[in-house]
Amino acid sequence: MFRQRLQTWLTGPRLLTLGIVFALAWSLSRVDWQQPIGHTGGGAAALKVLLALFPPELSPEFLSICLVASWHTVAYAVAGMSVAVALGLPLGVLASGVMTAPMEGANPRRWTLMASVRFLLAAMRSVHELVWALLFVAAVGLSPMAAILAMAIPYAGILGRIYSEQLQDVPPEPVAALRATGASPARILLYGYLPMALPDLLSYTFYRLECGIRAAAIMSFVGIDGIGFQIELSLADLLFRQVWTLLIFLVALVVLVDWWSSRVRRSMAY
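First, a word on what this report is: a plain description of the structure on this page. Starting afresh in each chain, residues are numbered from 1 along the sequence in its written order. Given that the model is predicted, a residue must reach a pLDDT of at least 70 before its local features are reported, and side-chain atom pairs must reach 80 or more before they are shown or counted; all residues, however, enter totals for whole chains, interfaces and linings. For the side-chain quantities, the full set of heavy atoms in the structure was used; hydrogens and water were omitted.

A run of DSSP states H or I qualifies as a helix once it reaches four residues; a run of E qualifies as a strand once it reaches two. Both are numbered from the N-terminal end. In terms of regular secondary structure, the protein chain is built from 11 helices and zero strands. In sequence order, the secondary structure elements of the protein chain are arranged as α-α-α-α-α-α-α-α-α-α-α. Each residue gets one of three labels from its accessible area relative to the maximum for its type: buried under 20%, exposed over 50%, partly exposed in between, using a 1.4 Å probe on protein chains only. Scored against the burial criterion, the 270 residues of the protein chain give a buried share of 34%. Contact criterion: two residues are considered in contact whenever any of their non-hydrogen atoms come within 4.5 Å of each other. In the protein chain, of all internal contacts separated by at least 6 residues, the share reaching a separation of at least 24 is 76%.

Summarising the element assignment, Q166 is placed in helix 7 (residues 144-168). As used in this structure description, the phrase polar contact means that two N or O atoms lie within 3.5 Å; if the pair is within protein, one of them must be able to donate a hydrogen and the other to accept it, and residues adjacent in sequence are counted only when both atoms belong to side chains. Among the polar contacts listed, one links the side chain of Q166 to the backbone oxygen of D200, at a separation of 3.3 Å. Beyond its immediate sequence surroundings of up to four residues, Q166 is in contact with A197, D200, L201 and Y204.

Attention now goes to the packing of helix 4 (residues 60-96) against helix 10 (residues 227-236). Packing of helix 4 against helix 10 leaves a shortest axis separation of 8 Å and a crossing angle of 140°. One element, helix 4, and the other, helix 10, form an angle in the oblique class. Together, F62, I65, A69, S70 and T73 of helix 4 and I227, Q230 and S234 of helix 10 make up the contact between the two elements. Comment: axis = line fitted to C-alpha atoms, over the contacting stretch for helices; angle = value between 0 and 180 degrees taken between N-to-C directions. The scheme is simple: roughly parallel for angles under 35 degrees, roughly antiparallel for over 145, roughly perpendicular for 65 to 115, oblique for anything else.

With that settled, consider the packing of aromatic side chains. Between 30 and 60 degrees the pair is tilted, below 30 it is stacked and above 60 it is edge-to-face, where a pair is any two Phe, Tyr or Trp rings, Trp via its six-membered ring, whose centres lie within 6.5 Å. This structure, assessed with the given rule, holds three aromatic pairs. Their ring planes at 50° and their centres at 5.7 Å tell us that Y204 and Y207 sit as a pair that is tilted. A residue pair is termed a helical-turn pair when its members lie 3 or 4 positions apart in one helix, as Y204 and Y207 do in helix 9 (residues 185-217) at three residues. A cation over an aromatic ring shows up here: R208 above the ring of Y155, its NZ or CZ 4.6 Å from the ring centre. Counting as a charge over the ring demands two things of the Lys NZ or Arg CZ atom: a distance within 6 Å of the ring centre and an angle within 35 degrees of the ring normal.

Below, the structure is given as structure tokens:
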């Protein structure tokens with residue numbers, strides 16, 4: 001009885017709530033309350049930045065720069081996501097264990113493979129893309145390839161983890177029917193698991209593409225000539241109207257990807 005209660009408590013929301021409360025209390029205890037929260041003149045500076053939005057920079061020359069920077073940002077995000085999907089999908093399939101029939105679940109090699117791939121995925125996503133960028137800059141130099149690989153590795157780890165869970169959530173009845181006909185594991189994956197999980201797989205992939213656009217925008221320090229690089233230049237010159245224009249373009253890109261994702265999911269529903 002005690003063991004069951006302990007397991008319920010550890011896996012329930014109470015432990016998470018306790019952890020959040022403890023983290024909040026610890027962070028508040030580390031604040032130096034004797035010092036002012038904001039620096040002198042911060043409010044005036046924030047107001048100056050905010051007022052620069054009315055209106056933003058809309059000159060044809062700068063809008064042309066924004067369009068080119070947006071195109072570069074999208075291109076790098078798509079390149080990074082393409083590599084991430086190419087790595088994350090097969091790793092997710094292996095981590096899910098769906099290629100092995102349930103009656104073989106006691107096979108230690110199956111669980112060893114699943115645990116090994118899950119550990120690899122956790123290692124890939126545990127390092128932030130900015131840290132990966134520093135490592136790849138040291139390896140391949142200051143180039144767009146370093147930024148693309150820096151986005152691809154952690155995103156592959158995230159996608160692989162989510163893909164594996166979505167494949168495991170597929171209803172077992174259609175898969176069991178395929179297995180009863182003697183279909184091979186590859187055919188069961190192609191005609192059973194993937195078609196039923198495809199809407200969720202695509203939905204999450206589009207969401208990660210939105211994140212990839214944001215990540216590409218902050219990779220300017222490793223050689224990407226995109227929105228982030230232009231924001232950095234405008235901030236250095238205190239051209240806040242230009243900064244707002246670039247941020248509007250960045251928001252528009254994310255909204256466009258979200259609209260595209262909705263259209264794709266809606267088309268698959270019919």
